[in-house]
Structure formats: structure tokens, C-alpha cells
Amino acid sequence: MTSSHSTPDSASRQARLIIIGAGFAGLGLGMRLRQRGDTDFLVLERAADVGGTWRDNDYPGCACDVPSHLYSFSFRPNPNWSRVFSPGPEIQQYLRECARESGLLPHIRFGTDMLAARWQAECRRWVIETNHGDFEAEVLITATGHLADERLPEVPGLDSFTGEVFHSARWNHQAELKGKRIGVVGSGASAIQVVPQMAEVASELVVFQRSAAYVIPRADRAYTAAEQRLFARDPERMHALRSEFFWNGEYNFAQRRNVPRYLQEAKDLALGHLARQVSDPVLRQKLTPDYEVGCKRLLISNDYFPALSRPNVTLEASALARVEGSQGVAANGASHTLDVLVLATGFEATRPPFAKRVFGSAGHSLDAQWDQGMQAFDSIAVNGFPNLFILNGPNTGLGHNSVVYIIEAQVDYLLEALDHMRQQQIAVLEADAQAEDAYMDALHQRSQGTVWLAGGCKSWYVDPRSGRLTLVWPDYAHAFRDANGHFHPEGYHPTPATPST
Ligand SMILES: Cc1cc2nc3c(=O)[nH]c(=O)nc-3n(C[C@H](O)[C@H](O)[C@H](O)COP(=O)(O)OP(=O)(O)OC[C@H]3O[C@@H](n4cnc5c(N)ncnc54)[C@H](O)[C@@H]3O)c2cc1C
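K.L.:
Just to check I follow, could you spell out the overall build of the protein for this structure?
P.N.:
When its secondary structure is counted, the protein shows 14 helices and 20 strands. Computed over C-alpha atoms, the radius of gyration of the protein comes to 23 Å, within 12% of the 23 Å expected from 2.2 N^0.38 for 501 residues, which places it in the range of a compact globule. If one aligns the C-alpha atoms of the protein with their principal axes, the spans along those axes are about 75 × 55 × 45 Å. When the 501 residues of the protein are sorted by exposure, 55% land in the buried category. Taking all contacts inside the protein whose residues are at least 6 apart in sequence as the whole, residues at least 24 apart take part in 73%. Put simply, the protein shows about 20,500 Å² of open surface, and 49% of that area lies on carbon and sulfur atoms. The averaged location of the 57 negative side-chain charges in the protein is 4 Å from the averaged location of its 47 positive side-chain charges.

K.L.:
How should the pattern of salt bridges be read in this particular structure?
P.N.:
Proximity of charged atoms lets side chains of opposite charge pair with each other. Scanning the entire structure with this criterion turns up 28 salt bridges. With a shortest N-O distance of 3.5 Å, Arg-76 and Glu-97 are connected by a salt bridge. A residue pair is termed long-range when its members are at least 10 positions apart, and Arg-76 in the loop between α2 (53–56) and α3 (88–101) and Glu-97 in helix α3 qualify at 21 residues. Since its relative accessible area comes to 12%, Arg-76 is described here as buried.

K.L.:
Sorry, what's going on with the sheet that holds strand β14 (residues 327–330) here?
P.N.:
Neighbouring strands of a sheet are bound in pairs by backbone hydrogen bonds; such pairs are parallel or else antiparallel. The 3 strands are arranged β13-β14-β15 in an open sheet whose pairing can be described as antiparallel. Looking along the sheet, the strands with just one partner apiece sit at the ends: β13 (320–324) and β15 (335–337). With direction set aside, neighbouring strand axes in the sheet form an average angle of 25 degrees. Pairing of β13 with β14 involves 4 bridges; the strand directions are antiparallel. From the neighbouring strand, Leu-320 faces β14, where its bridge partner is Ala-330.

K.L.:
How should I be thinking about the site of the ligand in this particular structure?
P.N.:
The environment of the ligand is formed by 34 residues, the closest being Glu-45, Thr-53, Asp-65, Tyr-71 and Asn-392. Contact distances for the ligand include 2.8 Å between an oxygen atom and a backbone N or O atom of Thr-53. Note that an oxygen atom of the ligand is positioned 2.8 Å from one of the side-chain N or O atoms of Asn-392. Isolated, the ligand exposes 990 Å² of accessible area, and the fraction of that covered by the protein chains is 95%. Counting residues per element, the ones that place at least two in the shell around the ligand are α1 (24–35) and α2.

K.L.:
Please clarify how the nonpolar core should be interpreted in this entry.
P.N.:
Within soluble globular proteins, side chains that are nonpolar generally end up buried alongside one another. Grouped together as the largest cluster of nonpolar side chains are 113 residues, with contacts concentrated most on Phe-24, Val-184, Leu-205, Leu-308 and Tyr-492. The element contributing the most residues to this core is helix α11 (residues 403–423), with 12 residues. Looking at which domains feed residues into this core, each of domain 1 (14–149 + 348–496) and domain 2 (158–223 + 225–343) gives three or more. Setting aside anything within four residues of it in sequence, one finds Leu-308 in contact with Val-195, Val-207, Leu-283, Leu-287, Val-313 and Leu-315. If you look at the next biggest cluster of nonpolar residues, it comprises 34 residues, including Phe-135, Leu-388, Val-428 and Tyr-461.

K.L.:
I would appreciate a short explanation of the packing of aromatic side chains in the present structure.
P.N.:
Geometry of an aromatic ring pair is reported as the spacing of the ring centres plus the angle between the planes. Evaluation of the coordinates by the stated rule reveals 22 aromatic pairs. Ring geometry for Phe-246 versus Trp-247: centroids 4.9 Å apart, planes at 85 degrees, classification edge-to-face. Arranged with centres 5.0 Å apart and planes meeting at 85 degrees, the rings of Trp-473 and Phe-480 form a pair that is edge-to-face. In this structure Trp-473 comes out as buried when scored by relative accessible area, which is 1%. The buried category is assigned to Phe-480, whose relative accessible area is 0%. It is Arg-13 that lies over the ring of Phe-135; its NZ or CZ is 4.6 Å from the centre.

K.L.:
Please clarify how the domain arrangement of the protein should be interpreted in this entry.
P.N.:
Frequently, the measure chosen for interface size is the accessible area that the parts lose on association. Per the domain assignment, the segments making up the protein are domain 1 (14–149 + 348–496) and domain 2 (158–223 + 225–343). At the interface, 51 residues of domain 1 touch 44 residues of domain 2. In total, about 4,200 Å² of surface goes out of reach between domain 1 and domain 2, with carbon and sulfur atoms giving 55% of it. Sorting the residues of domain 1 by area buried against domain 2 places Tyr-59, His-69 and Val-451 first, and these three jointly supply 16% of that buried surface. For the interface between domain 1 and domain 2, the tally reads 4 salt bridges. Per element, the largest residue contribution to the side of domain 1 that touches domain 2 is 3 residues, and it comes from helix α13 (residues 451–454).

K.L.:
Just to check I follow, could you spell out the packing of α1 against α3 for this structure?
P.N.:
A packed helix pair is summarised by two numbers, namely the angle formed by the two axes and the spacing between the axes. Axis separation between α1 and α3 bottoms out at 10 Å; the angle between their running directions is 30 degrees. As far as their axial angle goes, α3 and α1 are roughly parallel. For α1 against α3, the interelement crossing comes out left-handed. Where α1 abuts α3, its residues Phe-24, Leu-27 and Met-31 lie against Ile-91, Tyr-94, Leu-95, Cys-98 and Ala-99. A per-class count over the contact of α1 with α3 returns 8 nonpolar, no polar and no charged.

K.L.:
What exactly am I supposed to notice about the sheet that holds strand β8 (residues 181–185) here?
P.N.:
Strand order in the open sheet formed by 5 strands is β7-β16-β8-β9-β12, and the pairing between neighbours is parallel. The sheet terminates laterally at β7 (164–167) and β12 (313–316), the two strands that pair on one side only. The sheet shows a mean angle of 15 degrees between the axes of neighbouring strands, taken without regard to direction. Bridge count for β8 against strand β16 (residues 340–343) is 4 bridges, and the pairing is parallel. For Val-184, the partnering residue across the bridge sits in β16 and is Val-342.

K.L.:
Hey, could you run me through the packing of α11 against helix α14 (residues 477–484) in this one?
P.N.:
Two elements in contact, α11 and α14, have axes separated by 9 Å at closest approach and are oriented at 5 degrees. By the criterion of interaxial angle, the relationship of α11 to α14 is roughly parallel. Facing α11, whose interface residues are Tyr-405, Ile-406, Glu-408, Ala-409, Gln-410, Asp-412 and Tyr-413, α14 presents Ala-477, His-478, Phe-480, Arg-481 and Asn-484. The residue makeup of the contact of α11 with α14, split by class, is 6 nonpolar, 3 polar and 3 charged.

Rules and cut-offs
- Residues numbered from 1 in each chain as written.
- Predicted model: local features only at pLDDT ≥ 70, side-chain atom pairs only at ≥ 80, totals over all residues.
- Heavy atoms only, no water.
- Helix = DSSP H or I, 4+ residues; strand = E, 2+ residues; numbered from the N terminus.
- Rg over C-alpha atoms; globule rule 2.2 N^0.38 Å.
- Buried < 20%, exposed > 50% of the residue type's maximum accessible area, 1.4 Å probe, protein only.
- Contact = heavy atoms within 4.5 Å.
- Areas by Shrake-Rupley, 256 points an atom, 1.4 Å probe, with all protein chains shown as cover.
- Lys, Arg positive; Asp, Glu negative; His and termini not counted.
- Charge placed at Lys NZ, Arg CZ, Asp CG, Glu CD.
- Salt bridge = Lys/Arg side-chain N within 4 Å of Asp/Glu carboxyl O.
- Pairing = 2+ DSSP bridges.
- Axes fitted to C-alpha atoms, helices over the stretch in contact; angles between N-to-C directions.
- Near = heavy atom within 4 Å.
- Polar contact = N/O pair within 3.5 Å; in protein donor to acceptor, adjacent residues only side chain to side chain.
- Core = buried A, V, L, I, M, F, W, Y, C linked by side-chain atoms within 4.5 Å.
- Domains from an automatic or database assignment.
- Phe/Tyr/Trp six-rings, centres within 6.5 Å; stacked < 30°, edge-to-face > 60°.
- Lys NZ or Arg CZ within 6 Å of the ring centre and 35° of its normal.
- Buried area = accessible area lost by both parts, 1.4 Å probe.
- Parallel < 35°, antiparallel > 145°, perpendicular 65-115°, else oblique.
- Left-handed = near helix turned anticlockwise from the far one by under 90°.
- Nonpolar A, V, L, I, M, F, W, Y, C, P; charged D, E, K, R; others polar.

In C-alpha cells:
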């Protein structure tokens with residue numbers, strides 16, 4: 001599938017739209033734009049390749065937690081997924097193919113880091129400063145992701161570590177792991193994928209676990225060649241499967257709403273999995289969470305618990321408190337000699353770094369405006385930041401379903417907004433402050449009683465400054481599309497275009 005649409009000049013520095021980031025969100029928007037013949041856009045990507053999350057997270061064992069036939073673009077199904085939950089490199093390959101086939105590559109400026117973006121009211125444009133000079137756009141779209149910037153733990157003495165230390169999202173493929181004493185810090189979604197792989201190669205593996213996770217079985221298997229052929233011949237089968245996976249995911253949301261029956265069901269599933277896989281009562285106790293199920297991300301794995309039961313593996317049910325040379329010292333005082341330290345400590349999610357770089361009409365940054373946490377009208381636009389749209393930003397994260405579904409709903413919204421601007425000859429759209437506050441108040445109401453706020457755990461879904469849910473969408477995924485799958489002009493102040501603009 002090649003496109004006949006025109007492409008921007010390789011030297012162009014101006015476009016109607018500039019998109020920051022070439023992960024699922026930036027690529028999805030770019031593909032939809034090209035599909036409908038819009039070619040006046042550029043994508044600025046700081047790295048050398050597309051893929052975002054799936055380019056950066058190339059640690060051993062990386063895979064998606066949502067079935068691939070759902071965790072992919074609805075408008076670009078892939079009959080060749082090898083498994084129900086595909087490995088990371090396969091998703092990265094899919095995204096590369098999407099970018100290439102849709103003719104997106106000439107739009108992308110790789111190695112181009114957005115250092116600052118400033119709204120220029122007099123010319124009604126965004127000026128985007130990068131390491132490769134300035135770019136200008138009428139509309140700026142950030143697609144920089146929730147999980148693009150790794151969070152390093154503040155562990156005293158980390159700099160003094162005598163071995164190799166790296167974050168799971170910046171895997172050091174040169175580091176020798178075989179026969180080494182490896183420490184993994186963390187017990188979240190990345191850690192439970194890394195740990196079984198490290199257990200295979202390490203002479204000793206120590207896992208520093210601040211809090212235990214609920215882990216449920218992973219219903220994974222390989223697709224047969226016959227199934228793949230069938231998917232290719234009859235795409236309806238893929239659509240049906242996608243729909244089945246989607247509604248299974250939606251069913252799981254009932255737990256997050258704190259409905260006792262569903263909570264109990266999820267808890268039984270997770271604790272039953274633990275009981276079946278871990279026979280040692282001491283280890284099992286350490287792995288039993290002390291908060292309500294669903295409050296943190298529910299993890300899926302079949303090989304995490306068995307890995308922890310291996311003789312070369314120690315689970316330290318305690319955070320890493322400090323490092324002294326080659327010693328990793330846990331908060332409970334236990335000290336371990338280590339050669340390699342893997343930090344599976346998550347990402348800067350509630351205070352996204354891009355927000356420090358975007359300056360609105362009053363001259364202050366989005367980060368300053370969000371001093372009590374992220375917020376946006378319809379989860380996409382912010383008062384004081386005209387012609388800025390944020391994809392996969394405030395209140396768009398999901399713990400129970402595919403983020404790609406949310407991104408697609410936002411892309412639909414955005415395309416309608418762009419059409420509205422064109423049809424109504426509007427130069428500038430700015431979210432109304434009251435509409436934004438009303439939207440946020442309504443979201444806050446929806447969040448009440450959910451496990452994230454009432455489940456007794458500290459999670460990255462909640463902003464510590466306000467205690468509000470700012471990252472995650474507090475409802476079913478289909479409710480996001482119902483609410484935000486269409487543009488709402490009544491929530492914006494339009495400024496008409498004049499002949500000179
Ligand atoms: C290990 C892992 C597994 C995951 N598994 C799942 C899953 O199973 N299901 C699910 O729904 N979600 C999952 N997620 C969440 C995942 O992040 C999203 O599903 C999705 O990939 C986000 O896409 P995105 O385009 O919004 O962001 P990203 O993929 O993070 O892409 C953002 C892009 O913006 C670029 N960028 C950032 N700042 C700048 C700048 N200043 N200038 C230029 N470029 C910039 C980055 O380099 C990056 O390429 C997972 C995340 C991780 C880390």
C-alpha cells in the first residue's frame with residue numbers, strides 16, 4: 001500500500017500542523033491525516049526511529065499486556081500477530097511498517113527534540129524551538145506519551161554503584177549479565193517481565209519490591225499459520241476478535257468502580273494464581289498485596305511467580321534504600337552484593353516533561369499552569385494554550401483496556417476540530433476556562449469511589465499534589481469515546497481568520 005499524496009519538502013520548517021512524537025499517538029494521527037489527503041504537517045521526533053514506547057523498551061521479555069489484535073490500529077489490522085500478546089519487537093516492527101506504508105516517513109524529522117514551544121499571539125502561531133532550529137505551525141499537537149521519560153529512584157549512593165546500572169527503558173545491551181549478581185528494583189509491569197529473563201541468566205537475582213502486585217494468569221498462546229491465513233483472507237474475523245477482547249477488557253473495569261462482586265472475582269483470580277504457583281508460605285505472604293485489587297495496575301504473567309521460587313532468586317519485600325559501592329541495601333537492612341542493577345522504576349507520568357517546554361498566551365509553561373496536576377478540557381485542550389491539542393495526556397490512561405482505542409477516539413475529535421476550523425474559517429481555538437473546570441469537576445465526580453482513590457494504595461495514577469486522578473480515565477473505555485470521540489465547539493473560544501491570516 002503506497003500513497004500518492006504529496007509530501008513536505010525535506011527542508012520545510014513550517015506546516016499547518018506540527019505533531020511532537022512518533023509513537024502510537026503521533027503515528028496514528030499522521031496516518032489518518034494522510035488517509036484523508038491532508039499533507040500539510042510535520043512530526044518532530046527526538047529519537048532516530050518511530051515507535052515511542054516500543055522503540056525504547058527493548059528489555060528482555062518486553063511484551064504488551066493487551067491482546068495484539070486490540071492493541072493495534074483499528075484502521076490497520078495485522079493478520080500476522082504471532083501471539084495473543086505479542087512481544088515488544090513485533091509491535092515495534094508493526095509501527096515501522098505503518099509509518100512506511102502510509103507515506104509518513106517524509107513528514108518525520110528524526111533526532112529533533114522540542115526544546116520549547118511558544119504561542120505567538122500576534123502571528124497566531126506556535127514557534128517550536130528544537131536542537132535543529134525553529135519550526136512554525138498554526139496548530140501544535142503533543143503526542144509525547146505518558147511513559148516516555150523514565151523515572152529514576154532517589155536512592156542515596158546510586159552514583160557510587162560499582163557495577164552497571166540502567167533503567168529498563170534504556171536497556172544496556174552491552175552489559176554482561178550471564179553469571180552475574182543482578183538486582184531488579186521494582187515490581188511493576190516492566191519488572192515482572194524482566195525478572196523471569198534475569199532469573200535465567202543471573203548467578204543470583206535479588207528483586208527489591210516496595211509493594212506486592214496482584215498478578216493474574218496470562219492467557220497467551222501462539223496463533224497458528226492457518227489462523228493467520230484466515231485473518232488475512234477474512235478481516236471480519238480480526239474485527240470480531242478485536243471486539244471480543246475489547247468487551248472482555250471493559251468487563252474488568254467493574255473492579256475499578258469498586259463493585260464488591262467484581263473485586264472479589266479479580267482478587268480470587270489473582271490470589272488463586274499466587275497460591276497455585278507459590279507453595280512456600282513465607283514467599284507467598286511477601287507476594288500478597290495489602291491494598292485493594294485494581295488500585296495499582298493489575299499485572300498479567302505466568303512466569304513471574306515461578307521465577308521468584310527459583311533457588312538463585314531472592315525476593316526482598318522492601319524497597320532499595322541505599323547503595324554503598326557494590327552493596328544494594330534494602331529498607332529492611334538486608335544487604336546484597338550486586339554486579340548489575342536494573343531500575344524498573346517506572347516513568348515521569350503525573351508531571352510530564354513536555355509540559356515544562358510548552359508556553360501559552362500568558363507566557364508561563366503548561367507545567368506551571370498544572371501546579372496542582374494535569375487537566376484539560378475534553379482531556380485534550382487547555383485554556384491559555386490556543387491551538388494546542390494534547391494526545392494521550394490528562395485523564396486518558398487506562399488500566400483495563402487498550403490505550404490505542406483512546407488515542408483513536410482523540411484523533412477523531414482532533415480531525416473534527418480541524419475540519420471545524422477550516423469550514424468556519426477559524427484561526428484560533430482556545431478552550432474556555434469554565435468549560436475546562438466543569439469537565440474536570442465532572443471527572444472528579446466520576447472518580448469518587450473508584451479503587452484508585454478508595455483502594456488504600458499509592459499509585460502513579462493519582463497526583464500527589466492534589467490527590468486527584470489526573471492520569472487515568474476514571475470510567476469504561478467506551479465511555480471515553482462517547483464523551484470525547486467528537487469535537488465540542490461550544491467548549492472553545494473561536495477567533496475568526498482574517499484575510500491576512
Ligand atoms: C513497557 C510498556 C508496556 C506497555 N504495554 C501496554 C499495553 O499492553 N497496552 C496499553 O494499552 N498500553 C501499554 N503501554 C502504554 C504505552 O505507552 C501506550 O500504549 C502507547 O504506546 C503510548 O503511545 P504514545 O504515542 O502516546 O507515547 P509514546 O509511545 O511514549 O511516544 C511518545 C514519543 O514522543 C517522543 N517525544 C517525547 N518528548 C519529545 C520532545 N520533547 N521532542 C520530540 N519528541 C519527543 C518520544 O521520543 C516518543 O517517541 C505500555 C507502556 C510501556 C512502557
